[in-house]
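# Understanding the architecture of this molecule
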Amino acid sequence: MKENLKSLLLALLVVCSLIQSYFMIYRLPGSDPVVKTENDYIRTEDMGEELQVEGMLYPSQIALHLGDNRHTVFYPESTFYNLIYSRLKGRQFDGFQRYALENVDWKDIRSRIGVELDFGRGIPVALLQKVMQIASDPLFEGESISRLLIYNTENEDQVRVFFFSSQGDVVYEATKADLTIQDVRQQVDFGKDWIPYTLENGYYIPEKPIDMIETGMTIGLYTTEQMQRSLFFDASITRYIREKDGSEIYTDSKRSLQVKQDRNWINYTDPAAPATGENNPGRNALSAVDFVNQHGGWNGQYRLERTEGVDTERHTVVFKQYYGLGQYGAFPIIDLSTFHYGEITLEMRQGTITGYERSLIYPKGEAFKKKVVQLEGGDKLREQIAGLKQESRIVQLYPAYVPSLTKEGLLLKPMWVAELENGAARVLQ
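Our subject in this report is the structure included herewith. Computed from a predicted model, the values in this text were never measured in an experiment.

Turning our attention to the pairing of strand 17 (residues 314–324). Counted residue by residue, strand 17 has nine buried out of 11 residues, so it is predominantly covered. Where strand 17 meets strand 19 (residues 343–349), seven bridges bridge the pair, whose relative direction is antiparallel. Considered in strand 19, the bridge of H315 is made with M348. The sheet contact formed by strand 17 and strand 18 (residues 330–332) spans three bridges and is antiparallel. If you follow Y322 over to strand 18, its bridge partner there is P332. Hairpin connection, strand 17 to strand 18: the antiparallel pair is bridged by five residues, and G326 has positive phi, about 50°.

Okay, here's the thing in C-alpha cells:
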C-alpha cells in the first residue's frame, strides 16, 4: 500500500513539474510565448517611437477658395489648417453618387467660395474613415481619395461635397453632408487676411514671399547591430559580405540587410516571406505601420504619402517625414538621390512585408541653428519655374525642406519643390 502511494505521489510530482515547465516556456494564457517561430520578430530594444496610422492621415495642404478666383493655402500644423481640418473631421458624409470627372467644370467651381483638402497621391477610403465621419458605401469603399472639395453653389442655397478618386477619372458626391453655407463661409473667412495665392494650371503660386524656418539639428545614428537584432530572428547566424562600392550586406540565407554607410541608409529584403492575404491598400498601410513600429520605429512626424500597386500581387507603401515649428507650419522633407532621408518605404506582396528602406539617422531634437527665411513668391517664383515647363507639365508646387549633412548635424533648408507630370521632382534653386 505504501509503495502504491509513493508511486502515485511521484507521478503527481512529475506531472506538476511538466505543467510548471510548460508555463515557464509559454507563459500564461493570453500572453506572448517566449519560444518564437522563425517567422516571428522580436523587438529587442527601444529605438524610434511607435505611431498609429491615424496620426499620419492628413492633407498635404488646405486651399481656401475666396470667390472671384482668389485663393490662399494653409500647410499642416499651422493654426488655421488645424482648426479647419478638426472641424471637417467631425462632420458626417453620406449618400454618395458617382460622376465622370470630365463632366464638371472644376475651374469654374474653384472660382467660387469653398474649401479643398489635398491628399496627394491618395488615401484609401477605409483609412480615411478612421479620421473622418464617412459612411460605409459599397459604391466607393474600394477607392483611394486624392482631394476633397467643398463649395457653396453659385446662388448660395446649397453646399456640395466631392471626393476625387486618385485614379483621376471619377468623383463621388456626398449628397448628405451636415455642412451649411455658413459653415463653409466661416472656414473661408480664416483666409481673408492671409497670403493671396493664384491658381495657375492646377497648382498654386503665392503672390508674396512665405516665411519658413531654416533649421539645423544634432543627430544620432541607429547602428547596424541594432537593425540586425531588430530584423533577424537570430542575428548570430547572419553572414557578412562587403561589396565593392563599400556597402555591407548581412544575410541569414533567407533575408538580407544592405547597409550603405556613406549614405546612412538600409535596404532590407525578405523575398521568401509567406503571403498572408489579398493585396488590399488599406490593410497594407496598417501592416506597414505595425512593421515599422516593431523594426526601428519612427524618428519624427510622418504622413502617409502613397499606397499603390506595382502589379496585382506587389504593393508599395511610402511614408513622408514632415518637420515644422509652431505657427510656421510643417513641411515635407525631400528624399534626394544623393542623400536618402525623409522617407520610409515598404514593399509588400499580398499583405506581407518583403522590402524595407529607411535612413539610420534620427534627430536628437537639439537645434544648432534656427533662422527665419523667405521663399520667393509672385513673378520671381514664376521666373524660377519657367524653365521646368519645357521638361514636363507642373502638377504640384509646394514649400519643402531639403536635407543635408554638416559637421554639426542635419541641416534642413527651405526650398520650393515642383512635381512634374513625368514623375520627377525638381528643387528650385
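The next thing to look at is unusual backbone geometry. Outside of glycine, negative phi angles account for most residues, and trans bonds account for most peptide bonds. Its identity as a non-glycine residue notwithstanding, N69 has a phi of 60°, on the positive side. Turning to its location among the elements, N69 is positioned in the loop between strand 1 (61–67) and strand 2 (70–74). In this structure, E77 is a non-glycine residue whose phi angle is positive, near 75°. With respect to the element layout, E77 can be found in the loop between strand 2 and helix 2 (79–89).

One pass over the structure, following the stated rule, counts 25 aromatic pairs. Each ring, one from Y323 and one from Y401, has its centre 5.8 Å from the other, and the planes form 70°; the classification is edge-to-face. Of this pair, Y323 sits in strand 17 while Y401 sits in strand 22 (residues 394–405), and the two are 78 residues apart along the sequence. The same class applies to Y323 as to Y401, namely buried. Among the aromatic side chains, those forming a connected cluster through ring pairs are F93, F96, F140, F163 and Y172.

This part takes up empty space enclosed by the protein. Vacant regions in the atomic arrangement are exposed by a probe of water-molecule size rolled over the atoms. Tallied over the entire structure, the rule returns one cavity of 30 Å³ or more. Counted as a void, the largest cavity has a volume near 40 Å³. Along the walls of the largest cavity sit N299, Y302, Q321, Y341, G342, E343, I344, R358, S359 and I361, which together make up its complete lining. The set of elements that each furnish at least two residues to the lining of the largest cavity consists of strand 19 and strand 20 (352–359). Its residues assigned to classes, the lining of the largest cavity comprises four nonpolar, four polar and two charged.

Rules of the game
- Residues numbered from 1 in each chain as written.
- Predicted model: local features only at pLDDT ≥ 70, side-chain atom pairs only at ≥ 80, totals over all residues.
- Heavy atoms only, no water.
- Buried < 20%, exposed > 50% of the residue type's maximum accessible area, 1.4 Å probe, protein only.
- Helix = DSSP H or I, 4+ residues; strand = E, 2+ residues; numbered from the N terminus.
- Pairing = 2+ DSSP bridges.
- Phe/Tyr/Trp six-rings, centres within 6.5 Å; stacked < 30°, edge-to-face > 60°.
- 1 Å grid on protein atoms, 1.4 Å probe; cavity = no way out; pocket = protein on both sides within 12 Å on 5 of 7 lines; lining within 4 Å.
- Points joined across faces, edges and corners; volume = space filled by probe spheres on them.
- Nonpolar A, V, L, I, M, F, W, Y, C, P; charged D, E, K, R; others polar.

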